[in-house]
2 protein chains.
Amino acid sequence: MGLTGPVLVVGTGLLGTSIALAARRAGLDVLLSDVSPEHLRTASGLGAGRPVADGDAPQLVVVATPPDHLGVAIAEALTRYDAVVTDVGSVKSAPLREVSERVGAEALERYVGSHPMAGSERSGPLAASAALFEARPWAVTPHPSSDPGAVELVSALASACGATVVTLPPEEHDRAVARTSHLPHLLAVLVAGRLADAPAAHLSLSGQGVRDVTRVAGSDPALWQQIVASNAPAVLELLSEVRAELDAMITAVSGGSREGLGVLLDRGVAGTQAIPGKHGGPVRATAPVFVSLPDHPGELARLFADAGVIGVNIEDVRIDHDPGRDTGLVELVVAEDSALHLAASLEDRGWVVHG
Amino acid sequence: MGLTGPVLVVGTGLLGTSIALAARRAGLDVLLSDVSPEHLRTASGLGAGRPVADGDAPQLVVVATPPDHLGVAIAEALTRYDAVVTDVGSVKSAPLREVSERVGAEALERYVGSHPMAGSERSGPLAASAALFEARPWAVTPHPSSDPGAVELVSALASACGATVVTLPPEEHDRAVARTSHLPHLLAVLVAGRLADAPAAHLSLSGQGVRDVTRVAGSDPALWQQIVASNAPAVLELLSEVRAELDAMITAVSGGSREGLGVLLDRGVAGTQAIPGKHGGPVRATAPVFVSLPDHPGELARLFADAGVIGVNIEDVRIDHDPGRDTGLVELVVAEDSALHLAASLEDRGWVVHG
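Residues numbered from 1 in each chain as written. Chains lettered and ligands numbered in written order. Predicted model: local features only at pLDDT ≥ 70, side-chain atom pairs only at ≥ 80, totals over all residues. Heavy atoms only, no water.

An unreviewed UniProt entry lists chain A under the name Prephenate dehydrogenase, with Nocardioides bigeumensis as the source organism. We quote the UniProt Sequence similarities (unreviewed entry) comment for chain A here in full: "Belongs to the prephenate/arogenate dehydrogenase family." (UniProt positions renumbered as here; feature names shortened; annotations may be inferred.)

1. Thoughts on the packing of helix H7 (residues 170–193) of chain A against helix H11 (residues 232–254) of chain B
With their axes 10 Å apart at the nearest point, H7 of chain A and H11 of chain B run at an angle of 135 degrees to one another. Taken as axis vectors, H7 of chain A and H11 of chain B run oblique relative to one another. Both H7 of chain A and H11 of chain B take part in a crossing whose hand is right-handed. In contact with Leu186, Val189 and Leu190 of chain A of H7 of chain A, H11 of chain B contributes Val242, Glu245, Leu246 and Met249 of chain B. (Axes fitted to C-alpha atoms, helices over the stretch in contact; angles between N-to-C directions. Helix = DSSP H or I, 4+ residues; strand = E, 2+ residues; numbered from the N terminus. Parallel < 35°, antiparallel > 145°, perpendicular 65-115°, else oblique. Left-handed = near helix turned anticlockwise from the far one by under 90°. Contact = heavy atoms within 4.5 Å.)

2. Some details on unusual backbone geometry
Here the residue pair Gly5 of chain A and Pro6 of chain A is connected by a cis peptide bond, since its omega of -5 degrees sits within 30 degrees of zero. The residue Ala135 of chain B is not glycine, and still its phi comes out positive at about 65 degrees. Looking at the element boundaries, Ala135 of chain B is found in the loop between strand E6 (113–116) and strand E7 (137–141). We classify Ala135 of chain B as buried; its relative accessible area is 10%. (Buried < 20%, exposed > 50% of the residue type's maximum accessible area, 1.4 Å probe, protein only.)

3. A word on the domain arrangement of chain A
We note that the domain assignment places domain 1 (7–168), domain 2 (174–274) and domain 3 (286–354) within chain A. One C-alpha centre belongs to domain 2 of chain A, the other to domain 3 of chain A, and the line joining them spans 34 Å. (Domains from an automatic or database assignment.)

4. Considerations on the environment of Ser129 of chain B
Residues and elements named next belong to chain B. Here Ser129 is to be found in the loop between E6 and E7. Considering only alpha carbons, one finds Ser129 and Leu21, 108 residues apart in sequence, at a separation of 6.9 Å. Engagement of the side chain of Ser129 in a polar contact is seen with the backbone nitrogen of Ala131, the distance being 3.0 Å. (Polar contact = N/O pair within 3.5 Å; in protein donor to acceptor, adjacent residues only side chain to side chain.)

5. Regarding the relation of the copies chain A and chain B
Mapping chain A onto chain B leaves a residual RMSD of 0.1 Å; the transformation is a rotation of 180 degrees accompanied by 0.0 Å of translation along its axis. The symmetry that links the two subunits is that of a two-fold axis. Closest approach to the rotation axis within chain A is made by the C-alpha atom of Val213 of chain A, at a distance of 2.0 Å. The residues that chain A uses at the interface reappear at the interface of chain B in 100% of cases, marking a shared surface. (Least-squares fit on C-alpha atoms with pLDDT ≥ 70 in both.)

6. Here we look at the packing of H7 of chain A against helix H12 (residues 258–274) of chain B
At a minimum axis separation of 7 Å, H7 of chain A and H12 of chain B run at an interaxial angle of 65 degrees. In the packing of H7 of chain A onto H12 of chain B, the handedness of the crossing is left-handed. Mapping the contact onto sequence places His185, Leu186, Val189, Ala192 and Gly193 of chain A in H7 of chain A and Leu261, Leu264, Leu265, Arg267, Gly268, Gly271 and Thr272 of chain B in H12 of chain B. For the contact of H7 of chain A with H12 of chain B, the per-class residue count stands at six nonpolar, five polar and one charged. (Nonpolar A, V, L, I, M, F, W, Y, C, P; charged D, E, K, R; others polar.)

If you want it as structure tokens, here you go:
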């Protein structure tokens, strides 16, 4: 059973609208619904699809409502339409339990949960993008009685959105995101909490490290309340592991035990190395090349044109503007073994290269 | 007393060599020393300066040794040279205490601690860059008997390296970095530690959030053992605050108290908003514009050339390569009120813009 549409997206927030835009880009007919007429109007206006009407018969329904409403909304979709239904909630066991209490066995077969690992600190349809899922993991979480054709259809949607499908059972998914998403979020919140009433002089020493650690803590608290509540068992298991390690850390630091602290620090390094590369592959060694340039866009174009002629593939770029200066600093991230070649070749072409 | 050099850098690791390169760029004569002849040779070979010789009379000595050796190395420099001496260690009270036990009152006046808020997960002279300090804060931490001329000289070095000087007392500095650097580091270590023995299927769901939260935990554990040990009192105070909040978090999640969790999440949001903007100014609202392009460097140059003609200033750039595809995705970060204009103008010029 191929994905031919129409696809109905229920809930036109950041995720729902992004999926709708990506599905439209893939040539599918997209229907939209939302309890907020404003969100619905905005999403339609962005070209994400048209409001669903009586008589529409979607092939696939994507429920993208807030976590608290998932169970009810999924059951409603299964009852109203003879369609495959998925949702994009961050937690999978709790909604599945609710759905199985609300619908019969036949309808339950048409339900397959899923969870795209993409998001933003921003929310609402205006922050949506068809490119949000490009090269990101998208978990598809069949339950024992899910119809194989339904699983295929949901996987096809993820692929059509440019994502990489990862299939795993709902409970396994919830343990995985507790570890890779919910725990990092909650500890980032604790770090950020220590900054809330810090003196300005202390905060003026903030470097890139604390910005990176705390960034996710800026996300919508109402949404995260729901996510954490619906995955409480898996989250609590990890929080109590962390509590034991925090106690060990406090004991080591207060007792001056460098070995005790060393064990924890080494384990942290091992953890950072366990995370797979950006696209699931191994982590590639990269090195930065810093280049000064006058802070206007023409120079940036000239720099990239020169890098193109030199033939080194640029993996990432960071730009450091300082409003108080008239030169900017560009960091070109390239494969480690190309860095010296790029730096020397750019210098030959008259660029001021640092390092 | 102006900074005229020579500047002697003791310890040619990442920080020492970067300072030497920046001082050379500023036209200063730079002398180098290191217990490792190999590091010294590498740093000299990079153009960071020449090895110090008998009879050299530096105006300013910068001690950039590992934290454990700071006290001894600073005292030695104060005794051997009639020069102003600073260090670039991450903690300021402990070395000051050691130095004041080892040298007389006259020599102590010539010592002013400092701490550039810049670094890297990489280490050693080959990772050094003259641009490392550009637009970063650089703490200068005079003690009560520091000579004002010495304070000026150290501040002049920080400015010559392109950094923004933040002056504060040593104890205040240590409390500040415990909050903005050491605590974030230690909690990132606890999050990363949970990943060390996680199943591969769990890790395959890792998104940008967990990567950002844990990045700093990949830094050299031996260095961090020393940093944390030398700032133990300030670090312990914060760790026990976090322990109390973690207990509150566990109670809230296990008791199903959304209000209790909400208070903590709200405080986290407030903390992320308290961090000043990249260059000390207020945080500016930005928005991303996603553009597809064939994954070769010439297209990137063409994109920047077009953005230049459109006249929108690009604040940051992210490139998302997928080795399995022949198109790349570029995220241009611009001021929020320019995003729609940029997106529309790029589309007019034939670019595929998402969102």
